[in-house]
Amino acid sequence: MSYLLVIKPKNTFNLLADLREIWQFRELLYFLTWRDLKVRYKQTVVGVAWVLFQPFVSMVVFTVFFGTFANMPTDGAPYPIFVFLGLIFWQFFSTAVSDISGCLISNQGIVSKVYFPRMILPLSMIFTRFIDFLVATSILIFLMFYYHFVPNLSGFLVFPVLCLVTALAALGLGLWFASLNVKYRDVRYVIPFFIQMLMFVTPVVYSSSILGKYGWFLALNPLAGVIKTARSEFLHSFPTNWTQFSFSVTACLVVLVVGWLYFRTVEKNSVDTI
């Protein structure tokens, strides 16, 4: 007697079932993450150098123009430390969004031939960019030693939470772009411009204090809440506004859920579309 096995996408959204399936394919997640890391770091200097070079040069340029000439307020901290603390979170977020947005297109050879939870692809890119993020923090440690700046202990306690919120925000927005990129291939040209514009509404190179009473608008931006909280906790220059940070976390969860739902809807027909 012969059996016919029919594989078809699920019609309902079940977060626990999705997480359980991702856990079953955890070895594939590890393999894809390790593959990307080996391509970037094994037998090459450019991979590590670029992870350090990009935020360092950006920090120098912003320090010269915004810290020296524009004399941007830094709430009492040296401007290089102030801006680099924002840059490392921004680089983690922006590069992860950019990578995730093309994850289905760049891996269409695997997606069209083998079944696995498609969510594995964006998750592996989040982990890869997180390693880059940890490598880039070495410059921040060097800057603190150079300026004899002692960070606040509470910053280290809240650091894992800030990393998690940044990763979830990048995952949610990246899933949205990845879904659009499958249907409309010209979306990839819009993404760099969108990320560039998003940087200006995120307090990366400036302090949110310059907005005065309108600073609460930044709470709608998940990454703005992360950077502002990181500076208040590490630089101990002003008290943390936990109410605004909670709004940022809520916005992050909304973006994540919407992106996840849309990604699940598109991935059902992603093989035929790609």
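Refer to the structure printed above.
Now for a quick tour of the structure. Remember, predicted model here, so these are calculated numbers, not experimental data.

1. Quick notes on the overall build of the protein chain
Next, step 1: Looking only at helices and strands, the protein chain has 12 helices and 0 strands in total.
Next, step 2: What you see in the protein chain, going N to C, is helices and strands ordered as α-α-α-α-α-α-α-α-α-α-α-α.
Next, step 3: Here the protein chain, with 274 residues, has 47% of them falling under the buried criterion.
Next, step 4: If you take every contact in the protein chain between residues at least 6 apart in sequence, the share linking residues at least 24 apart comes to 79%.
Next, step 5: Looking at the protein chain as shown, the accessible area adds up to about 14,900 Å², and 70% of this sits on carbon and sulfur atoms.

2. Considerations on the packing of aromatic side chains
Next, step 1: Taken as a whole and assessed by the stated rule, the structure comprises 16 aromatic pairs.
Next, step 2: Between Phe 89 and Phe 133, the aromatic rings sit 5.2 Å apart at their centres with planes inclined by 50°, giving tilted as the arrangement. Of this pair, Phe 89 sits in helix 4 (residues 79-101) while Phe 133 sits in helix 7 (residues 120-146), placing them 44 residues apart in sequence.
Next, step 3: Judged by its relative accessible area of 2%, Phe 133 falls in the buried class.
Next, step 4: Taken together, a centroid distance of 5.9 Å and an interplanar angle of 80° make the contact between Trp 242 and Phe 245 edge-to-face. Linking Trp 242 with Phe 245, this pair stays in helix 11 (residues 242-267), spanning 3 residues, or about one helical turn.
Next, step 5: Taken together, the ring pairs in this structure connect Phe 89, Phe 92, Phe 130, Phe 133, Phe 156, Phe 159 and Phe 234 into an aromatic cluster.
Next, step 6: The aromatic ring of Trp 23 is capped on one face by Arg 26, whose charged end is 4.2 Å from the ring centroid.

3. Structural notes on helix 8 (residues 153-183)
Next, step 1: For helix 8, built from 31 residues, the straight-helix expectation of 45 Å at 1.5 Å per residue is met to within 8% by its first-to-last C-alpha distance of 47 Å.
Next, step 2: Bending of helix 8 peaks at approximately 40° at the position of Phe 159, with proline Pro 160 no more than four residues after it.

4. Remarks on the pattern of salt bridges
Next, step 1: Tallying each qualifying case throughout the model produces 3 salt bridges.
Next, step 2: A salt bridge links Asp 36 to Arg 35; the nearest nitrogen and oxygen atoms lie 3.3 Å apart.
Next, step 3: With relative accessibility at 28%, the residue Arg 35 sits in the partly exposed group.
Next, step 4: The closest approach of N and O atoms between Arg 129 and Asp 99, which form a salt bridge, is 2.5 Å. In this pair, Arg 129 is assigned in helix 7 and Asp 99 in helix 4, connecting sequence segments 30 residues apart.
Next, step 5: Residue Arg 129 is classed as buried on the basis of its relative accessible area, which comes to 16%.
Next, step 6: One connected set of salt bridges, linked through shared partners, spans Asp 99, Arg 129 and Asp 132.

5. Quick word on the side chain of Thr 202
Next, step 1: The residue Thr 202 is located in the loop between helix 9 (187-200) and helix 10 (222-234) in this model.
Next, step 2: Within the local environment of Thr 202, its side chain forms a polar contact with the backbone oxygen of Leu 198, the two atoms lying 2.8 Å apart.

Procedures and definitions
Residues numbered from 1 in each chain as written. Predicted model: local features only at pLDDT ≥ 70, side-chain atom pairs only at ≥ 80, totals over all residues. Heavy atoms only, no water. Helix = DSSP H or I, 4+ residues; strand = E, 2+ residues; numbered from the N terminus. Buried < 20%, exposed > 50% of the residue type's maximum accessible area, 1.4 Å probe, protein only. Contact = heavy atoms within 4.5 Å. Areas by Shrake-Rupley, 256 points an atom, 1.4 Å probe, with all protein chains shown as cover. Phe/Tyr/Trp six-rings, centres within 6.5 Å; stacked < 30°, edge-to-face > 60°. Lys NZ or Arg CZ within 6 Å of the ring centre and 35° of its normal. Expected span 1.5 Å × (residues − 1). Bend = angle between axes of the 7 residues up to and from the residue. Salt bridge = Lys/Arg side-chain N within 4 Å of Asp/Glu carboxyl O. Polar contact = N/O pair within 3.5 Å; in protein donor to acceptor, adjacent residues only side chain to side chain.

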